[in-house]
Amino acid sequence: MSGVTSIRVSTDLKDKLSELKVHPKESYEDVIKRLMEHCVDDDPLSDATIQAIEESLADIKAGRVHSLEDVAEELGLS
């Protein structure tokens, strides 16, 4: 370890971190590292993808949607 510091967390958060331990002797640092590995996105969304999502959400809000049943019928799957 290059350096050590302490941080203040609520008892509730400490309890939740304890529940996430894969074994009783796992350190809180290891738990936090593992959580961070799952939260960091190494492949963020492109601007084009974000724009497409925003357009899709606008379509949904405007009611420009089709039910699964309608699509299945149109494709001859029903």
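In case you missed it, the structure is sitting above this.
Predicted, not measured: the structure shown is a model, and the values here were computed from it. (Residues numbered from 1 in each chain as written. Predicted model: local features only at pLDDT ≥ 70, side-chain atom pairs only at ≥ 80, totals over all residues. Heavy atoms only, no water.)

Draft legend 1. Focus on the side chain of Glu26. Locating Glu26 in the fold gives a position in the loop between α1 (11–19) and α2 (28–39). On the accessibility criterion, Glu26 (6% relative accessible area) is buried. Looking at Glu26, its side chain comes within polar contact range of the side chain of Arg34, at 2.9 Å. (Helix = DSSP H or I, 4+ residues; strand = E, 2+ residues; numbered from the N terminus. Buried < 20%, exposed > 50% of the residue type's maximum accessible area, 1.4 Å probe, protein only. Polar contact = N/O pair within 3.5 Å; in protein donor to acceptor, adjacent residues only side chain to side chain.)

Draft legend 2. The arrangement of the layout of surface pockets in detail. The calculated volume of the largest pocket comes to roughly 310 Å³. Taken together, 12 residues form the lining of the largest pocket, with Thr5, Ser6, Ile7, Tyr28 and Ile32 sitting closest to its centre. At the level of secondary structure, the elements contributing two or more residues to the lining of the largest pocket comprise α1 and α2. In terms of residue count, the dominant contributor to the lining of the largest pocket is α2 (three residues). When its residues are assigned to classes, the lining of the largest pocket shows seven nonpolar, three polar and two charged. (1 Å grid on protein atoms, 1.4 Å probe; cavity = no way out; pocket = protein on both sides within 12 Å on 5 of 7 lines; lining within 4 Å. Points joined across faces, edges and corners; volume = space filled by probe spheres on them. Nonpolar A, V, L, I, M, F, W, Y, C, P; charged D, E, K, R; others polar.)

Draft legend 3. Focus on the packing of α1 against α2. Between α1 and α2, the shortest axis-to-axis distance is 10 Å and the interhelical angle comes to 80 degrees. The pairing of α1 with α2 is recorded here as roughly perpendicular in orientation. Here Lys14, Leu17 and Ser18 of α1 lie close against α2, whose contacting residues are Tyr28, Val31, Ile32 and Leu35. The class makeup of the residues in the contact of α1 with α2 is five nonpolar, one polar and one charged. (Axes fitted to C-alpha atoms, helices over the stretch in contact; angles between N-to-C directions. Parallel < 35°, antiparallel > 145°, perpendicular 65-115°, else oblique. Contact = heavy atoms within 4.5 Å.)

Draft legend 4. Local environment of the environment of Gln51. When you line up the elements, Gln51 lands in helix α3 (residues 47–61). You can call Gln51 partly exposed: its relative accessible area is 47%. Here the alpha-carbon distance between Gln51 and Lys33, two residues 18 residues apart in the chain, equals 32 Å.

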